[in-house]
Amino acid sequence: MTEPIPVSRAVDHGTAKLMPDVDRERAWLLTVDGAPQSYVDLDAPAHLEFEYTRRIGHVLDTVAEEGRPLDVLHLGGGAFTLPRYVAATRPGSRQDVVEADRGLLELVAECLPLPAGSGITLHAADARAWLESAPADSADVLVADVFGGSRVPAHLTSLGCARAAERVLRPGGVHVVNLADAAPFAFLRSQLATLAEVFEETVLIAEPAVLRGRRFGNAVLAAAHRPLDTAALARRTASDTFPARVEHGDALRKFAGAARPVRDEDAVASPEPPGGAFGIG
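Thresholds applied
Residues numbered from 1 in each chain as written. Predicted model: local features only at pLDDT ≥ 70, side-chain atom pairs only at ≥ 80, totals over all residues. Heavy atoms only, no water. Pairing = 2+ DSSP bridges. Helix = DSSP H or I, 4+ residues; strand = E, 2+ residues; numbered from the N terminus. Axes fitted to C-alpha atoms, helices over the stretch in contact; angles between N-to-C directions. Contact = heavy atoms within 4.5 Å. Parallel < 35°, antiparallel > 145°, perpendicular 65-115°, else oblique. Left-handed = near helix turned anticlockwise from the far one by under 90°. Nonpolar A, V, L, I, M, F, W, Y, C, P; charged D, E, K, R; others polar. Buried < 20%, exposed > 50% of the residue type's maximum accessible area, 1.4 Å probe, protein only. Polar contact = N/O pair within 3.5 Å; in protein donor to acceptor, adjacent residues only side chain to side chain. Phe/Tyr/Trp six-rings, centres within 6.5 Å; stacked < 30°, edge-to-face > 60°.

Another point: the sheet that holds strand β1 (residues 7-11). If you walk across this open sheet you meet the four strands as β1-β2-β3-β4, and the pairing is antiparallel. Of all strands in the sheet, those bounded by a partner on one side alone are β1 and β4 (35-41). Across the sheet, the axes of successive neighbouring strands diverge by a mean angle of 20 degrees, strand direction being ignored. Pairing of strand β3 (residues 27-32) with β4, which is carried by six bridges, proceeds in the antiparallel orientation. When the sheet's bridge partners are listed, T31 is paired in β4 with P36.

In structure tokens:
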């Protein structure tokens, strides 16, 4: 058999590389300008390799009864890891994936094609613009995992964006956001305050070492107008290969402290990761 070989291509916002995993026959790592973006196993789409994707997966598993199809909007495409996960674990789901980098979208669709009948539709568009034009009450879950390089773009961090997300979600819908920060957590706290201004319930999932300020890392936020199943989330994240903590309620409000919601005119991108935080090789 022919061994898979790495693919490197200039895309709209840098150089994308697809590198085969020597330990898994049809698994691939996607990087853009050296920053890991996605990991996908075409033979096992329910396998989530990265820590933050596993935590988003736990949220997706607990937002509705097991196996129930969902309408999901994904802002940020990568290698379509989470859309593939939903298609595998919730057959019959309808999903839209919005990715600003058309070249990246085309590369992944060509080299790591989606299975026929996946229910996943791809769109080359800016995430905020798409969100503001999407039909109201059209999604059960909205997953925002958008990074320009290694930073969340500023226009996706404001009250305006959070309100647009709320408009698109159905009653009972859940907004899930992936971001990255480190102590003293000025950015993370501002994002908690922003979501709390719009949604009644917020939850934070992160590695204990990150929350203790020992290293830069990802944090997954979930927000809704209904209580989330924090007990189930806590069980899943505590027993995961990469254990995490779930913060909510008074403890999360204490963590957010005096942080204020972010207005559009004050919005900034997430902080630049320190050298080597997410890079490889």
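Quick look at the sheet that holds strand β12 (residues 245-248) now. As summarised here, the arrangement of the eight strands in space is β7-β6-β5-β8-β9-β11-β10-β12, forming an open sheet in which the pairing is mixed. Looking at the sheet topology across the chains shown, the edges are occupied by β7 (120-124) and β12. Going across the sheet, the axis of each strand differs from the next one's by a mean of 15 degrees, ignoring polarity. For strand β10 (residues 201-206) and strand β11 (residues 217-224), the ladder comprises six bridges, and the chain directions are antiparallel. Its bridge partner being in β11, I205 is matched across the sheet by V220. Relative to β7, helix α3 (residues 102-111) is tilted by about 150 degrees, and along the sheet it contacts β6 (94-99) and β7. With respect to the sheet, helix α6 (residues 186-198) is in contact with β9 (169-181), β10 and β11, its orientation differing from that of β9 by roughly 170 degrees.

Turning our eyes to something else, we now look at the packing of α6 against helix α9 (residues 249-256). Relative orientation of the contacting elements α6 and α9 amounts to 125 degrees, with a least axis distance of 9 Å. The pairing of α6 with α9 is recorded here as oblique in orientation. α9 is crossed by α6, and the crossing has left-handed handedness. Where α6 approaches α9, its residues L188, R189 and L192 are matched on the opposing element by L252, F255 and A256. Across the contact of α6 with α9, the residue classes tally to five nonpolar, no polar and one charged.

A few words now on the pairing of strand β2 (residues 14-20). As defined by bridge partners, β1 adjoins β2 across five bridges and the pair is classed as antiparallel. Bridging from a neighbouring strand, A10 pairs with T15 of β2. Between β1 and the antiparallel strand that follows it, β2, lie two residues. Relative to β3, β2 runs antiparallel, the two sharing five bridges. Bridge pairing in β3 places L18 opposite L30. The hairpin turn running from β2 into β3, its antiparallel successor, is six residues long.

Let us look at α3. Listed in full, the buried residues belonging to α3 are G103, L104, L105, L107 and V108. Of the surrounding elements, those touching the buried residues of α3 are β1, β2, β3, α2 (81-89), β6 and β7. Of the residues flanking the start of α3, the one acting as N-cap is D101, its side-chain oxygen 3.1 Å from the backbone nitrogen of G103.

Going through the model one piece at a time under the given rule, you end up with two aromatic pairs. Taken together, a centroid distance of 6.3 Å and an interplanar angle of 40 degrees make the contact between F50 and Y52 tilted. Comparing F50 with Y52, the two get one shared label, buried. Seen in terms of ring centroids, F185 and F255 are 5.4 Å apart; in terms of plane orientation they differ by 50 degrees. Their pairing is tilted. Highlighted residues: F185 in the loop between β9 and α6 and F255 in helix α9, separated in sequence by 70 residues.

Here the focus is unusual backbone geometry. Residue A183 is joined to P184 through a cis peptide bond whose omega torsion reads 10 degrees. Take P184: it is sitting in the loop between β9 and α6. One non-glycine residue, D33, lies in the positive phi region at around 50 degrees. Position of D33 among the secondary structure elements: in the loop between β3 and β4. A positive phi angle, close to 65 degrees, is found at F185, a residue other than glycine.

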